[in-house]
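The chain contents come next:
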Amino acid sequence: MPTNFLTDVSLYGPGFLVASWTVLWLTILTIVVSWISGLLAALGQRSSWRGVRAVAAFYIWFIRGTPTIIQVFIVYFGFPQIGIRLSPFTAGVLALGINSGAYVAEIIRSGLSAIPRGQMESALAIGFNHAATMRSIILPQVFRIVLPSLTNEAISTLKNTSLLSTITVVELTLYAQTLIAMTFRPFDFYIAVAVIYLLLTTIFTQLAAWLERRYAVHS
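This text gives an overview of the structure that appears in the document. Computed from a predicted model, the values in this text were never measured in an experiment.

1. With respect to helix H7 (residues 172-183)
Given 3.6 residues to a turn, an α-helix orients residues that are three or four positions apart in the same direction. In this model, H7 (12 residues) spans 16 Å end to end at C-alpha, consistent with the 16 Å of a helix rising 1.5 Å per residue. Its side-chain oxygen at 2.9 Å from the backbone nitrogen of Thr 173, Glu 171 defines the N-terminal cap of H7. Backbone geometry just downstream of H7 places Phe 184 in the positive-phi region, at approximately 60°.

Have a look at this one:
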């Protein structure tokens, strides 16, 4: 094994590990935010209140029709103008979570549409209220239906964390750019970043496959 490779690993490996951990935390927290906002928006689209439906529709329309990087800039650079100052990490999680939430909302909406309407009517007829029916009967089925799509969205979210280098979050991309500025070796370090992202997305994919098998066994 070449000596300079071992030297690179010892010099830059710990920094890549820290940056990878940052990416992982960003992804996990963003997924939590996106699932919450996506579920609320999906249920909002089905609300009996016209105002709620309008807000949910506007949210999805605006987010899906504008670039993710602009949304990140609005949260990080724009919010301070209205008195809301967030750290780069928090702003990144919020911006990516809201962005992904619009796509999660459409995924959940398609899952809800796949559930026969009679299930809700039957549950209400035997004494369940609407909230209990959604929580105990409808949403578990929806989750199983949309799990592959949610996995794809989670992987996109993981890759989108690279955009947060633009607001000084020290994740993989910004760390690599810092090393490139010092060493003038863009090929080496961008390849390293690509390999790490491939490993992380593979882990997410395998986790999703395990979840699908688990749900298949217990269905």
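2. Re the pattern of salt bridges
Under the defined criterion, the tally for this structure stands at three salt bridges. As a salt-bridge pair, Glu 106 and Arg 109 come within 3.3 Å of each other at their nearest N and O atoms. One end of the pair is Glu 106 and the other is Arg 109, both in helix H4 (residues 88-114) and three residues apart, which spans about a single turn. Residue Glu 106 is classed as buried on the basis of its relative accessible area of 19%. Of the residues examined, Arg 109 reaches a relative accessible area of 33% and is grouped as partly exposed. The salt bridge partner of Asp 188 is Arg 185, with a shortest N-O separation of 2.8 Å. Among the ionic contacts, a cluster of salt bridges with common partners joins Arg 64, Glu 106 and Arg 109.

3. Some remarks on unusual backbone geometry
One non-glycine residue, Thr 168, adopts positive backbone phi at about 70°. Checked against the element boundaries, Thr 168 lands in the loop between helix H6 (130-160) and H7. Unusually for a residue other than glycine, Phe 184 sits at a positive phi of about 60°. In this fold, Phe 184 is placed in the loop between H7 and helix H8 (186-218).

4. What to know about the packing of aromatic side chains
The tally for this structure, following the rule as stated, stands at nine aromatic pairs. The interplanar angle of 70° and the centroid separation of 6.0 Å between the aromatic rings of Trp 35 and Phe 143 together place this pair among those described as edge-to-face. Within this pair, whereas Trp 35 is found in helix H1 (residues 3-45), its partner Phe 143 is found in helix H6, the two being separated by 108 residues in sequence. Members of the aromatic cluster, connected to one another through ring pairs, are Tyr 12, Phe 16, Tyr 175 and Phe 189.

5. Looking at the nonpolar core
By size, the foremost hydrophobic cluster in this structure holds 19 residues, and its most contacted members are Phe 16, Leu 172 and Phe 189. When contributions to this core are tallied by element, the ones reaching two or more residues are H1, H6, H7 and H8. Counting residues per element, this core draws most heavily on H8, at six residues. Beyond its immediate stretch of four places on either side in the chain, Phe 189 contacts Tyr 12, Phe 16, Ala 176, Leu 179, Ile 180 and Thr 183.

6. Focus: the side chain of Thr 151
Mapped onto the fold, Thr 151 is located in helix H6. In terms of polar contacts, Thr 151 uses its side chain to reach the backbone carbonyl oxygen of Leu 147, at 2.9 Å.

7. Overview of the side chain of Ser 37
On the secondary structure map, Ser 37 appears in helix H1. If near-sequence neighbours (up to four positions away) are discounted, Ser 37 is found in contact with Tyr 59, Gly 97 and Gly 101.

8. A word on the environment of Val 104
Topologically, Val 104 is positioned in helix H4. Residues within four places of Val 104 in sequence aside, it is in contact with Ser 34, Trp 35, Gly 38, Leu 150 and Glu 153.

9. Regarding the packing of helix H3 (residues 68-78) against H4
Viewed as axis vectors pointing N to C, H3 and H4 meet at an angle of 135°, and their least axial separation amounts to 9 Å. For the element pair H3 / H4, the angle class is oblique. Crossing handedness for the pair H3 and H4: right-handed. Every residue of H4 that contacts H3 at Thr 68, Gln 71, Val 72, Val 75 and Tyr 76 is listed here: Pro 88, Ala 91, Leu 94, Ala 95, Leu 96 and Asn 99. For the contact of H3 with H4, the residue count by class is eight nonpolar, three polar and no charged.

Basis of the calculations
Residues numbered from 1 in each chain as written. Predicted model: local features only at pLDDT ≥ 70, side-chain atom pairs only at ≥ 80, totals over all residues. Heavy atoms only, no water. Helix = DSSP H or I, 4+ residues; strand = E, 2+ residues; numbered from the N terminus. Expected span 1.5 Å × (residues − 1). Polar contact = N/O pair within 3.5 Å; in protein donor to acceptor, adjacent residues only side chain to side chain. Salt bridge = Lys/Arg side-chain N within 4 Å of Asp/Glu carboxyl O. Buried < 20%, exposed > 50% of the residue type's maximum accessible area, 1.4 Å probe, protein only. Phe/Tyr/Trp six-rings, centres within 6.5 Å; stacked < 30°, edge-to-face > 60°. Core = buried A, V, L, I, M, F, W, Y, C linked by side-chain atoms within 4.5 Å. Contact = heavy atoms within 4.5 Å. Axes fitted to C-alpha atoms, helices over the stretch in contact; angles between N-to-C directions. Parallel < 35°, antiparallel > 145°, perpendicular 65-115°, else oblique. Left-handed = near helix turned anticlockwise from the far one by under 90°. Nonpolar A, V, L, I, M, F, W, Y, C, P; charged D, E, K, R; others polar.

Interpretation note: all reported values are geometric properties and have no functional meaning in isolation.
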